[in-house]
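Residue-level listing of the chains:
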Amino acid sequence: MPQSLSRILLHLVFSTKNRTPLINDDLQPRLYAYITAILSNLKCPSLQTGGAADHVHILCCHSRTVALCDLMEEVKKSTSKWMKNVGVPIFSWQSGYGAFSIGESQIEKLIRYIQIQKEHHKVVTFQQEYRKFLELYKIEYDEKYVWD
């Protein structure tokens, strides 16, 4: 086959360091737009980006030419600098991230889920949510290494 084609859908999840709620309501839309632009530049278009004051969810198409670790490094590095430039001098992301594959049939459900993050986190903490994803995707983990 002379042409390489792919459509790999990723659900990316990562939090601020120590889950400190530094992404206020005014910054959230601007941050999500900035993340969307970074993803577009990396040829990993966002289908939905959102989150809450202490974390971000991204649904994107993963480019066949960008390694996942490079994608996450660029998103986190660039947005950390951006947050500091817009007035959050102590901002930083946690070291790790979650990356989960999703099927085409789950797109609309995940988009809605990302859109209702503020309401969702009135009753569920980020840590509870993240543990649920790890269990759902059958990812073994040691609790002492998951959080920073």
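Source: prediction; values computed, not measured.

For the rest of this paragraph, the subject is the environment of Ile58. Turning to its location among the elements, Ile58 is positioned in strand β3 (residues 55-62). Each C-alpha atom of the pair Ile58 and Gly96 lies 15 Å from the other, and the pair is 38 residues apart in sequence. Once residues lying within four places of it in the same chain are set aside, the contact partners of Ile58 are Leu10, His11, Leu12, Phe14, Ile35, Leu39, Gln48, Thr49, Val75 and Ile114.

This next bit is on the sheet that holds β3. With respect to topology, 4 strands assemble into an open sheet ordered β2-β3-β1-β4, the strand pairing being antiparallel. Each of the sheet's edge strands pairs with one partner strand only, and the pair in question is β2 (46-52) and β4 (98-102). Within this sheet the neighbouring strands show an average axis-to-axis angle of 20 degrees, counted without direction. Sheet topology places strand β1 (residues 8-15) next to β3; 8 bridges connect them, and they run antiparallel. Looking at the pairing, Leu10 lines up with Cys60 of β3. In the packing of helix α1 (residues 27-41) onto the sheet, the strands contacted are β2 and β3, and the crossing angle to β2 comes to about 145 degrees. Where helix α2 (residues 68-85) meets the sheet, its contacts fall on β1, β3 and β4, and the angle it forms with β1 comes to roughly 45 degrees.

Leu31, Leu39, Val56, Ile58, Val75 and Met83 are the most contacted members of the largest nonpolar core, which totals 24 residues. Excluding its chain neighbours within four sequence positions, the residues that come into contact with Leu39 are Cys44, Pro45, Ser46, Thr49, Ile58, Cys60, Leu71 and Val75.

Attention now goes to the pairing of β1. Burial analysis of β1 places 7 of its 8 residues in the buried class, the great majority of the element. Here β1 runs beside β4; their pairing, made up of 5 bridges, is antiparallel. Looking across to β4, one finds that Leu9 is bridged to Ile102.

Moving on, we come to the packing of aromatic side chains. Across all of its chains, the model carries 10 aromatic pairs by this definition. Relative to Trp93, the ring of Phe14 has its centre 4.7 Å away and its plane inclined at 75 degrees; by these criteria the two rings are edge-to-face. Separated by 79 residues along the polypeptide, Phe14 in strand β1 and Trp93 in the loop between α2 and β4 bring together distant segments of the chain. Overall, Phe14 belongs to the buried group, its relative accessible area being 0%.

Basis of the calculations
Throughout this description, residue numbers start from 1 for each chain and increase along the sequence as written. Two thresholds apply to this predicted model, a pLDDT of at least 70 for residue-level local features and 80 or more for giving and counting side-chain atom pairs, whereas whole-chain, interface and lining totals are computed over all residues. Side-chain figures throughout are based on the complete set of non-hydrogen atoms in the structure, without hydrogens or water. Counting from the N terminus, the helices are the DSSP runs of H or I reaching at least four residues and the strands are the DSSP runs of E reaching at least two. Only heavy atoms enter the contact rule, under which two residues are in contact if any of them lie within 4.5 Å. Note on pairing: DSSP must find at least two bridges between two strands before they are called paired. Geometry is summarised by axes, namely lines fitted to C-alpha atoms with helices restricted to the contacting stretch, and by angles between N-to-C directions that run from 0 to 180 degrees. Here, nonpolar core means buried Ala, Val, Leu, Ile, Met, Phe, Trp, Tyr and Cys residues that are tied together by side-chain atoms lying within 4.5 Å of each other. Residue exposure (1.4 Å probe, protein chains only): buried if accessible area is under 20% of the type maximum, exposed if over 50%, otherwise partly exposed. Within 6.5 Å between ring centres, the rings of Phe, Tyr and Trp (the latter by its six-membered ring) count as paired, and their orientation is classed by plane angle as stacked under 30 degrees, edge-to-face over 60, tilted in between.

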